[in-house]
Amino acid sequence: MDGAERVEPAVVFVGAWVPDLPVFHGSAFNRAGQMYQRGLARAWSAAGLAPSTIYSIEPLPAFPRSARLFGRRGHVGVEDGRIVRFLPFVNVHPLKAITAGLVTVGTLIGWAWRHRKQPRIIHCFNLTMPPGIFLLFAARLTGSRAFVSLADVCKPGAIVPDTWAWRLDYWLQRQIIPRFDGILLQSRAIADELARGRHVCQINGGILGECFAAAPVARSGEKPFRVVLAGSLEPYNGVDVVLQAFDDLGDDVALIVAGKGSAVDRVTRAAAGDPRITYVGELGFGALIDLYRSADLLLNVRLTQAIDTHYFFPSKLMELLASGVPVLSTRSPDIVSEFGSLPYFLSEETPRAVADAIAAIARIPPDERRERGRRAWRFMLEHRTWEAQGPAIRQYVKAESPRAAEVPG
C-alpha cells in the first residue's frame, strides 16, 4: 500500500494465568484453565501475534473463603518462559470485581500508550475476572481492537449458583460478547445463542505436542480392564454416574480416579468400600499422562442433559484423545462434528449405559482398540497442537482487523 508500512499489531493478553506451582494450588486453581491459557499464548505466537505483555488476575476465592484481603501483585515466570504480571485487587465482594476492573483499565491505558505507534489488540481469556465490560471499555478508550477467547460461559443455576452476582455476570456477558471485535470460542452454542450473526473462530482447544510425542504403548488384554476417570470431580463431569455404573460391572473391571472437586468425598468413600475403585488424588501433568497410558479406556462423561453444559466444551477430551488410549465420551454436537470417528460414544447419560458401554468395549479385541487409540493420537498431533491453531487465528484476526497491520509511513 502506497505511503504505508506494514506493522504487526501489539498484542496484550489478559486472563487469570499462574504457574503450576503448589503456592497457587488453592481451591480456585484449575489446571485445565491454566493449560488452556498457556496454549492460547502459544497459538497466538504461532500466528505471528505473540503477546508483548501478559496481565493476570490471580485465581483466588474472595474473603472470607480465602484469608487474603488483597490479590497478588508483582510478576512471575510461567512454564514456557513467559513473564506474567499480576494486577492487584481488593479480595472482598463486590469490591473484587470493581477494583480488578479499574486496575485493569488503568494498566491497559499505560500499555496502549507505550505501543501508541502500533495498531493494538487487547486479547482476554473469558469475561468474568476481570469483568469483560472493563476490558471492552479500555479497548474503546485507547482505540485498540478487543478480542475474547471464550472457553465457557457460566449460566446461573447450572454449573455455578443462581445468585445475584452470577446473574449479573451472565447478563453482562450476554450484552458485551457481540460487541467484541473478535470472538474465539470452544462451544458452537455460544456463537449460535450469544454471538448471533457474528463471524467467530471456533477453537476447541489444543495440546502441547511435546507432552504426547512418544508413541503410545497400549495394554494387550491384561486383566483387570483398567478404566480411568480424571479431571474436575464435579457432578457435571459424570462422577456419580460412573460410580453407580460400577454396581453393574464385574470384578474384571477396575476404575482409577484422579483429580479434585466437590465430589471427592463420594469418590473416597466408593474407593474405601470397593476394591475395584482406586482414588489417586490430584496428579501433576506428567504423572497424569502416565496414568492415561496405563489404562485400557479413558472416560469423558461431561453431562449434557441432566445439567445444562451446552456453553462448555470438555477441553480435557483433547488430552485424552492425544494419549493414544481409547476414549468413551458423551455425545455433544461439538464433539461429534470435530472428533466423531475418534472416541466411542455413550448411547445415554445413565449408569446403565456407561456400564454397558464399558463392558462392550472390553470385549473388543485389544488390537482393534489399540488402533483406534493410535488413530486419535496421530490426528491430535497433526491437527490439534496449539501451534497448529496458529494459521486459523491469524486468518481470523486479519479478517476481523482489516487495517490492524497498517500504520501510516
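For the structure itself, look to the data block above.
Residues numbered from 1 in each chain as written. Predicted model: local features only at pLDDT ≥ 70, side-chain atom pairs only at ≥ 80, totals over all residues. Heavy atoms only, no water.

Q: Help me understand unusual backbone geometry, please; the structure alone is not making it clear to me.
A: Trans is the prevailing form of peptide bonds, just as negative phi is the prevailing case for residues other than glycine. Cis geometry marks the peptide bond from Phe-63 to Pro-64, where omega comes out at 10°. On the secondary structure map, Pro-64 appears in the loop between β3 (51–56) and β4 (74–77). Each neighbour pair has its own omega, and for His-93 with Pro-94 the value is 0°, a cis peptide bond. Of note in the backbone geometry, Asn-126 takes a positive phi value of approximately 60° without being a glycine. Along the polypeptide, Asn-126 turns up in the loop between β6 (120–125) and α3 (132–142). Owing to a relative accessible area of 15%, Asn-126 belongs among the buried residues under this scheme. (Helix = DSSP H or I, 4+ residues; strand = E, 2+ residues; numbered from the N terminus. Buried < 20%, exposed > 50% of the residue type's maximum accessible area, 1.4 Å probe, protein only.)

Q: I'm lost on the side chain of Ser-323 in this one. Help?
A: One can find Ser-323 in the loop between α9 (316–322) and β14 (327–329). Overall, Ser-323 belongs to the buried group, its relative accessible area being 0%. At 3.3 Å, the side chain of Ser-323 and the backbone nitrogen of Val-325 are in polar contact. Contact partners of Ser-323, with chain neighbours within four places excluded, come to Phe-212, Pro-216, Tyr-292, Arg-293 and Leu-298. (Polar contact = N/O pair within 3.5 Å; in protein donor to acceptor, adjacent residues only side chain to side chain. Contact = heavy atoms within 4.5 Å.)

Q: Would you explain empty space enclosed by the protein in this entry?
A: Which parts of space are left empty comes out when a probe the size of a water molecule is rolled across the atoms. Counted by the stated rule, this structure contains 2 cavities of 30 Å³ or more. By volume, the largest cavity is sized at about 180 Å³. Lining of the largest cavity is provided by 15 residues; of these, Met-35, Tyr-36, Gly-206, Ser-315 and Glu-319 occupy positions nearest its centre. At the level of secondary structure, the elements contributing two or more residues to the lining of the largest cavity comprise α1 (31–46) and α9. Taken together, the residues of the lining of the largest cavity sort by class into 9 nonpolar, 4 polar and 2 charged. (1 Å grid on protein atoms, 1.4 Å probe; cavity = no way out; pocket = protein on both sides within 12 Å on 5 of 7 lines; lining within 4 Å. Points joined across faces, edges and corners; volume = space filled by probe spheres on them. Nonpolar A, V, L, I, M, F, W, Y, C, P; charged D, E, K, R; others polar.)

Q: How should the pairing of strand β10 (residues 225–232) be read in this particular structure?
A: Here is the key point about a regular strand: its side chains alternate between the two faces of the sheet. A large share of β10 lies buried, amounting to 6 of its 8 residues. The pairing of β10 with strand β11 (residues 253–260) spans 8 bridges and is classified as parallel. Residue Gly-231 lies in a different strand from β11, and its bridge partner there is Gly-259. One crossover worth recording links β10 to the parallel β11 by way of helix α6 (residues 239–245), and it is right-handed. Relative to strand β13 (residues 297–300), β10 runs parallel, the two being bridged by 2 bridges. Across the sheet, Val-228 pairs through a bridge with Leu-298, a residue of β13. (Pairing = 2+ DSSP bridges. Right-handed = clockwise from strand over helix to strand, strands pointing away.)

Keep in mind these numbers describe shape, not what the thing actually does.
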